[in-house]
Each structure stands twice: as structure tokens, then as C-alpha cells.
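So the chains spell out like this:
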Amino acid sequence: MNEIICPNCKTAFKIDEAGFADILKQVRNQEFENELENRLTLAENEKKNAIKLAEANMKNSLQEELSEIEKERDKLLHDLQNKETEKENAIKLAEATVRNALQEEVSEKEKQLAALESQMQNAQMQKKIELTEATRAIEKERDDLKHALEIKETEKELLEKSINEKFTNQLVVKDDTIRMKEDEIERLRDFKQKLSTKMVGETLEQHCEYEFNRLRATGFQNAYFEKDNDATGGTKGDYIYRETDEEGNEVISIMFEMKNENDETATKKRNEDFFTKLDKDRRNKGCEYAVLVSLLEADNEFYNTGIVDVSHKYEKMYVVRPQFFIPIITLLRNAAMNSMKYKAELNMMRNQSVDITNFEEKIDAFKTGFARNYELASRKFKTAIDEIDKTITHLQKTKDALLSSENNLRLANNKAEDLTIKKLTHGNPTMKARFDELDE
């Protein structure tokens with residue numbers, strides 16, 4: 001049993017445990033409800049105050065952000081007012097789109113604010129912070145893309161202008177250089193061709209006969225130069241040259257054979273193919289020397305060097321190109337004249353009982369000097385021909401290099417003309433998405 005004292009009358013009475021528990025329960029339930037009601041009231045008031053404060057803060061923050069956006073827009077409009085009309089329209093459209101999106105977002109957030117008043121302040125503020133950061137990041141990226149686009153377009157215009165000017169100048173210089181090189185090559189080729197033959201619409205025999213007759217009156221008054229018409233030995237040469245001195249003594253005799261490339265077009269003979277016949281004709285006609293005037297084997301540098309001595313195969317035989325027809329006669333004739341002079345001196349010395357030793361030394365010295373002069377002349381001529389060939393080869397390589405540079409310049413020009421902003425940003429999804437937004 002439990003004893004309980006009434007708080008009003010101070011009367012004591014006893015109650016069993018069940019009754020005491022029931023009374024204690026009533027007292028506790030009443031106090032709990034009162035306390036719960038008080039706390040609920042406080043919590044409701046705090047919730048309303050927090051909601052109002054969050055709403056006010058959010059509205060102020062959104063208003064500040066909107067103001068910042070408006071300022072940024074005014075700045076962008078001021079910076080971009082001198083741009084082209086199409087860009088201005090695109091920028092204005094983008095700004096209007098952003099402004100409408102922001103306004104829609106503000107309106108949506110206000111609706112969400114009214115619909116989510118029961119949510120906690122921390123969650124509401126976190127969402128607002130994320131929205132602000134995302135908006136600023138998008139605006140910053142948009143501004144960066146616009147600025148980068150303007151820079152790229154300016155750089156492209158300057159690059160195209162620079163490339164066009166550079167290529168134009170290089171093409172002009174290249175054309176002039178190629179023209180000069182081609183003229184030089186043609187001049188050298190014509191010069192070399194003239195070295196090979198002076199024939200213009202004539203046969204080789206006619207050319208040689210013409211060259212000799214042109215100088216006969218001044219240089220060969222006592223010379224005989226006619227076609228060989230005597231075939232008693234089975235064969236005959238083309239021309240025989242004989243010259244006598246004033247007393248009628250033979251100074252020199254030469255058997256000539258002329259071979260033109262066109263004469264043997266079917267079989268393309270070589271010079272060596274005619275050496276045996278020429279040597280036989282020389283011996284049959286009693287000539288001292290044999291000379292083959294040939295246009296055969298035009299690409300053989302051995303025969304293009306000048307006067308070629310083939311006496312190692314056939315005695316006193318030479319091979320020359322048509323331009324050396326007169327020089328070979330002059331060289332052999334001068335040698336024979338000197339020999340005649342030495343022979344006359346020898347006879348005089350013999351008549352005067354002079355020692356023949358000195359004369360033989362002079363003969364040897366003459367032979368040595370003649371051989372040396374001949375070798376030097378042949379070497380100089382070969383050097384001149386080689387230098388001409390090298391010059392032609394060098395000019396041809398220069399021409400090929402210029403033509404190759406023209407092709408590379410053309411390819412570079414095509415690449416420059418094909419250059420676009422979209423190709424520069426190919427493979428960059430972020431740049432592509434931003435350009436697509438600007439296009440919209």
C-alpha cells in the first residue's frame with residue numbers, strides 16, 4: 001500500500017499499487033502532452049521563421065546573381081557591339097536564352113521553395129549553392145568559348161592573308177626562276193648540239209665538203225680534196241685529202257670516211273665496225289693517215305671528248321666529230337709541215353756533214369711536244385664538255401626542285417583554304433557542344 005497526501009486538503013489516504021500506477025500514468029500523460037504541445041509550438045514557430053529566413057536569403061541571393069548576370073550581359077554587349085551582324089544576333093540570342101533560362105530557373109526555384117517548405121534549411125541552401133556554381137561555370141565557359149571563337153576567326157583571317165601573300169610571292173619568284181632555268185638549259189643544250197654538229201639540212205659528207213671548200217682558197221691552196229671513186233681494191237673510201245709543197249713533194253695524205261647516224265638506222269652500227277675497212281682503204285690508196293668523221297654513238301663520251309686516237313688498234317687512225325674535221329686536218333698538216341722542214345734541215349745537215357744526233361733530238365722533242373699539246377688540247381676539251389654536262393644536270397635538278405616546291409606550295413594552299421574552326425575543334429566534345437548551342 002502507498003500513502004498519498006492531497007495537495008489541497010492535506011488529507012492522507014492510502015492506495016494500492018494499481019491505483020497508484022493509474023494516477024501516476026494520468027499525471028505523466030498530462031505533463032507529456034503539455035510538454036509535447038509546447039515543443040511542437042516552438043518547433044512550428046522555428047520552422048516558419050527558418051523558412052521565411054531561407055526564402056528571404058534565397059531571394060536576395062538570386063536577385064544579386066541576376067544583377068551580376070545583367071552587368072555581365074551589358075559588358076558583353078559593349079565588347080561585342082562592333083562585331084558582325086550575324087555574331088551579334090547569335091550573341092543576343094544566346095544572352096536571351098540564358099536570361100530566359102535563368103528567369104525560368106528563378107521561377108522554378110520559387111515554386112520549389114513554396115512546395116518544399118517542410119525541408120531542412122541545410123538541404124535548401126546546398127541546392128542553391130550547387131545551382132549558383134553550375135550557372136557561373138556555364139556562363140564562364142560560354143564567355144571563354146565566345147572569346148576563343150573570336151580569336152580563332154581573327155587568327156584564321158590573318159593566317160589566310162599571310163599564306164596567300166607568301167604563296168603568291170613564291171609562285172611569282174618560282175615562275176621567273178623556272179623560266180630563267182629553262183632558257184639556260186635550252187641555251188646550253190643548243191650550244192652542246194652545235195658543238196656536236198653544224199649541219200642544218202645537209203648530209204655529213206656535204207657538210208665536210210662545204211667546210212673544206214670554204215677555207216680552200218685561203219688555207220689549202222695546194223691541197224686536193226675529192227671523193228674516192230676508185231674501187232679497184234674492192235672497196236673505196238669517201239674522200240681523199242692530199243697536199244703537196246711548192247716543189248710538188250707530197251706533204252700529207254688522209255683517207256676520210258664519213259658516217260652519219262641516219263645512214264645506219266636499221267642496225268645502229270658502232271664506230272669500231274668501220275675501222276678495218278678504213279684501214280684497208282688507207283693502205284690501198286697509199287694514204288698516210290685515216291680519219292673517221294662520225295656521228296655514230298652520240299652518247300658515248302669516249303668519242304665526245306674531242307680528237308680520239310685509235311692508233312693502238314690501227315696505225316695512224318683517228319676518230320673525230322664533225323666539228324673537228326678542219327682541226328684534225330690542220331693538226332696533221334702542221335705536223336707534216338714541221339716534219340718536212342726537219343727533213344730539209346736533215347738533208348742540209350747531211351750535206352754539210354753535221355752531226356745527226358742533234359737533229360734526232362729535235363725530232364724527238366717535236367714528237368714529245370706535239371703529243372703533249374695534243375693530250376692537253378684533248379683534256380681541256382673533255383673538261384669543257386664535262387662542265388657543260390654538269391651545268392645542264394644541275395639546272396635540271398634545280399628545275400625539278402622548283403617544280404616539286406610548286407606542288408608542295410599548292411598542297412599547303414589547299415590545306416589553308418580547307419582550314420575551318422570545326423576541323424580545329426574536331427574530337428573535342430565540349431567545344432562541339434558549345435558551338436552547337438551558339439548555332440541554336
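Before any of the text, the structure's been laid out above.
This write-up is about the structure you can find in this document. This one's a predicted model, so the numbers in the text were calculated from it and none came from an experiment. (Residues numbered from 1 in each chain as written. Predicted model: local features only at pLDDT ≥ 70, side-chain atom pairs only at ≥ 80, totals over all residues. Heavy atoms only, no water.)

1. Details of the sheet that holds strand E6 (residues 289-294)
Okay, so step 1: Read from one edge of the open sheet, six strands run E3-E4-E5-E6-E8-E7, paired in mixed fashion. Looking along the sheet, the strands with just one partner apiece sit at the ends: strand E3 (223-227) and strand E7 (308-309).
Okay, so step 2: As paired strands, E6 and strand E8 (residues 317-320) are joined by four bridges and run parallel to one another. Residue pairing in the sheet places Leu292 in a bridge with Val319 of E8.
Okay, so step 3: Sheet strands touched by helix H4 (residues 204-219): E3, strand E4 (239-244), strand E5 (250-259) and E6. Its angle to E3, the strand with the most contacts, is close to 160°.
Okay, so step 4: Sheet strands in contact with helix H5 (residues 275-284) are E5, E6 and E8, and its direction is about 150° off that of E5. (Pairing = 2+ DSSP bridges. Helix = DSSP H or I, 4+ residues; strand = E, 2+ residues; numbered from the N terminus. Contact = heavy atoms within 4.5 Å. Axes fitted to C-alpha atoms, helices over the stretch in contact; angles between N-to-C directions.)

2. Points about the packing of aromatic side chains
Okay, so step 1: Applying the stated criterion across every chain yields a total of 11 aromatic pairs.
Okay, so step 2: Pairing Phe302 with Tyr303 gives two aromatic rings, centres 5.0 Å apart and planes at 75°, and the pair type is edge-to-face.
Okay, so step 3: The exposure class assigned to Phe302 is partly exposed, which follows from its relative accessible area of 44%.
Okay, so step 4: You can call Tyr303 buried: its relative accessible area is 4%.
Okay, so step 5: Lying across the ring of Tyr289, Lys316 places its NZ or CZ 5.4 Å from the centre. (Phe/Tyr/Trp six-rings, centres within 6.5 Å; stacked < 30°, edge-to-face > 60°. Buried < 20%, exposed > 50% of the residue type's maximum accessible area, 1.4 Å probe, protein only. Lys NZ or Arg CZ within 6 Å of the ring centre and 35° of its normal.)

3. A look at H4
Okay, so step 1: Taking 1.5 Å as the rise per residue, H4 with 16 residues should run 22 Å; its terminal C-alpha atoms sit 21 Å apart, in good agreement.
Okay, so step 2: Of the positions making up H4, those classed as buried are Leu204, His207, Cys208, Glu211, Phe212 and Gly219. (Expected span 1.5 Å × (residues − 1).)

4. Let's talk about the nonpolar core
Okay, so step 1: If you look at the biggest cluster of nonpolar residues, it comprises 27 residues, and the most contacted ones within it are Tyr241, Phe256 and Phe325.
Okay, so step 2: Mapped onto this core, the elements with two or more residues apiece are H4, E3, E4, E5, E6, E8 and helix H7 (325-351).
Okay, so step 3: Broken down by element, this core gets its largest block of residues, six residues, from H7.
Okay, so step 4: In contact with Phe256, not counting residues within four places along its chain, are Phe225, Gly237, Asp238, Tyr239, Tyr241, Leu278, Val291, Val293, Phe325 and Ile329.
Okay, so step 5: Of all hydrophobic cores here, the second largest spans 12 residues; its members include Phe275, Cys287, Ala290 and Tyr303. (Core = buried A, V, L, I, M, F, W, Y, C linked by side-chain atoms within 4.5 Å.)

Keep in mind these numbers describe shape, not what the thing actually does.
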